[in-house]
Amino acid sequence: MTAIESWLQDILRCPSCRSTLAEGTGPEGSPELQCTGCSLAYRVDDGIPVLLVDEARTRS
């Protein structure tokens, strides 16, 4: 889905709460990384995760 290397995804953490991130799909079907600890989801642009809390989407 996100085309992020598995070794990279293993070390990425949520910048807000430091929990792990799981691959997911946004409301429009776009790839994103979803935090397993809080309700934030980070978009992935062309295989590059945008890990900015100010630009994160809050999952319901």
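Small disclaimer: the values here were computed from a predicted structure and weren't measured.

## Considering the pattern of salt bridges
If you walk through the whole model with that rule in mind, you get three salt bridges. A salt bridge links R57 to E32; its shortest N-O distance comes to 2.5 Å. In this pair, R57 is assigned in strand β5 (residues 57-58) and E32 in strand β2 (residues 31-35), connecting sequence segments 25 residues apart. For R57, a relative accessible area of 29% puts it in the partly exposed group. Taking the shortest distance from any N to any O, the salt bridge between R43 and E55 comes out at 2.8 Å. One end of the pair, R43, is in strand β3 (residues 40-45); the other, E55, is in the loop between β4 (48-49) and β5, and twelve residues separate them in sequence. Ionic contacts of the salt-bridge type, sharing partners, join the residues R43, D45 and E55 into one network.

## Some thoughts on unusual backbone geometry
In this structure, R18 is a non-glycine residue whose phi angle is positive, near 70°. Judged by its relative accessible area of 60%, R18 is exposed. At D46, a position not held by glycine, the phi torsion is positive, near 50°. With respect to the helices and strands, the residue D46 is situated in the loop between β3 and β4. What makes D46 exposed here is its relative accessible area of 80%.

Conventions and cut-offs
Residues numbered from 1 in each chain as written. Predicted model: local features only at pLDDT ≥ 70, side-chain atom pairs only at ≥ 80, totals over all residues. Heavy atoms only, no water. Salt bridge = Lys/Arg side-chain N within 4 Å of Asp/Glu carboxyl O. Helix = DSSP H or I, 4+ residues; strand = E, 2+ residues; numbered from the N terminus. Buried < 20%, exposed > 50% of the residue type's maximum accessible area, 1.4 Å probe, protein only.

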